[in-house]
Amino acid sequence: MVLIRIENDTLYFLNPHREHDEEPDEIALTTADLSTRVDEESHVGYLKQVDNKDRPQSENLRDSAPAELSKSLQTLTLYEERMTAFCQNLLSLAEILAIRDSLLRPIALDLPVMMELIGETDLHSRLLLFQKQIFALFKPGEGVSPKAPDLALFYEILEDYKKLLSYHAG
């Protein structure tokens, strides 16, 4: 969730949606509404406009790219380790729900949307395939499927994503 602004008791969040659909750009929730609509533990960020000309040269975005790339690659390595463990061990529904926001959401929901937004159609289509495999784990009324997502596909996606990050950071 990305918090845009707060006015009185109302919080305004970015509502990511497709261009020209009927969805609003923002979702407005009171603090009471918010507490009933999110999990006990949720991730919320905010956007801050930065004027690069007012920043010291050492803080320019291009100058910070290698450090940010390193952080991104570390995060991807962590995702790789956690997804490997996830796929190699049959987890209960409660265990899967515990890692939903920290592992499954970034890989199955956030990353495909990012690839679509930047026009990386090949990565996007492979991520959608992997997403279907993750969603197939959850069978309504039956609990969790024992069939794990294709790790080879996941590793291939991660390698291509790392190359994409390195290309754009350098």
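Being a predicted model, the structure only gives us computed values, none of them experimental.

Thresholds, definitions, all that
- Residues numbered from 1 in each chain as written.
- Predicted model: local features only at pLDDT ≥ 70, side-chain atom pairs only at ≥ 80, totals over all residues.
- Heavy atoms only, no water.
- Pairing = 2+ DSSP bridges.
- Helix = DSSP H or I, 4+ residues; strand = E, 2+ residues; numbered from the N terminus.
- Salt bridge = Lys/Arg side-chain N within 4 Å of Asp/Glu carboxyl O.
- Buried < 20%, exposed > 50% of the residue type's maximum accessible area, 1.4 Å probe, protein only.
- Core = buried A, V, L, I, M, F, W, Y, C linked by side-chain atoms within 4.5 Å.
- Contact = heavy atoms within 4.5 Å.
- Axes fitted to C-alpha atoms, helices over the stretch in contact; angles between N-to-C directions.
- Parallel < 35°, antiparallel > 145°, perpendicular 65-115°, else oblique.
- Left-handed = near helix turned anticlockwise from the far one by under 90°.
- Nonpolar A, V, L, I, M, F, W, Y, C, P; charged D, E, K, R; others polar.
- Expected span 1.5 Å × (residues − 1).
- Arc of directions from axis to C-beta.
- Bend = angle between axes of the 7 residues up to and from the residue.

Engineer: Any chance you could break down the pairing of strand 1 (residues 2–7) for me, citing the residues and the numbers?
Structural biologist: Pairing between strand 1 and strand 2 (residues 10–14): four bridges, direction antiparallel. Considered in strand 2, the bridge of Ile6 is made with Leu11. Between the end of strand 1 and the start of strand 2, which pair antiparallel, lie two residues, with Asn8 showing a positive phi angle near 55°.

Engineer: Quick rundown of the pattern of salt bridges? Include the residues and the values.
Structural biologist: For the coordinates displayed, the defined rule picks out eight salt bridges. Linking Arg5 and Glu26 is a salt bridge whose minimum nitrogen-to-oxygen distance equals 2.8 Å. One end of the pair, Arg5, is in strand 1; the other, Glu26, is in strand 3 (residues 26–30), and 21 residues separate them in sequence. Glu26 sits in the partly exposed class, given a relative accessible area of 32%. Residues Glu159 and Lys162 are paired through a salt bridge, measuring 3.6 Å at the closest nitrogen-oxygen approach. Taken as a pair, Glu159 and Lys162 lie in helix 5 (residues 151–169) at a separation of three residues, close to a single helical turn. Exposure remark for Glu159: the relative accessible area of 39% places this residue in the partly exposed category.

Engineer: Can you tell me about the nonpolar core, naming the residues and giving the values?
Structural biologist: Of all hydrophobic cores here, the largest spans 28 residues; its most connected members are Met83, Phe86, Leu103, Phe130 and Tyr161. Apart from the residues lying within four places of it in its own chain, the contact partners of Phe130 are Met83, Ile107, Pro149, Asp150, Leu153, Phe154 and Ile157. Formed by five residues, the second largest nonpolar core is a distinct cluster that contains Leu3, Leu11, Phe13 and Leu29.

Engineer: Mind laying out the packing of helix 3 (residues 93–117) against helix 4 (residues 121–135), listing which residues take part and the relevant values?
Structural biologist: The contact between helix 3 and helix 4 brings their axes to 9 Å, and the two run at 155°. The angle between helix 3 and helix 4 places the two elements in the roughly antiparallel class. Between helix 3 and helix 4 lies a crossing of left-handed hand. Along the contact surface, helix 3 presents Leu104, Ile107, Ala108, Leu109, Leu111, Pro112, Met115 and Glu116, while helix 4 presents Leu123, His124, Leu127, Leu128, Phe130, Gln131, Ile134 and Phe135. Residue composition of the contact of helix 3 with helix 4, grouped by class: 13 nonpolar, two polar and one charged.

Engineer: Outline helix 4, supporting the account with residue identities and numerical values.
Structural biologist: The α-helix winds at 3.6 residues per turn, so residues separated by three or four positions along the chain end up facing the same way. Given a rise of 1.5 Å per residue, 15 residues ought to cover 21 Å, and the 21 Å separating the end C-alpha atoms of helix 4 matches this to within 8%. Of all the positions in helix 4, only Leu123, His124, Arg126, Leu127, Phe130, Gln131 and Ile134 are classed as buried. Around the axis of helix 4, the buried residues are gathered within 165° of arc, so they sit on the same side. Facing away from the buried side of helix 4 by more than 90 degrees, the exposed set consists of Thr121 and Lys132.

Engineer: Before we move on, can you summarise helix 3 with the specific residues and values?
Structural biologist: Over its 25 residues, helix 3 extends only 31 Å from the first C-alpha to the last, a length that falls short of the 36 Å expected when each residue adds 1.5 Å. Of all bends in helix 3, the biggest is about 80°, found at Arg100. Immediately downstream of helix 3, the backbone of Gly119 shows phi near 80°, a positive value.

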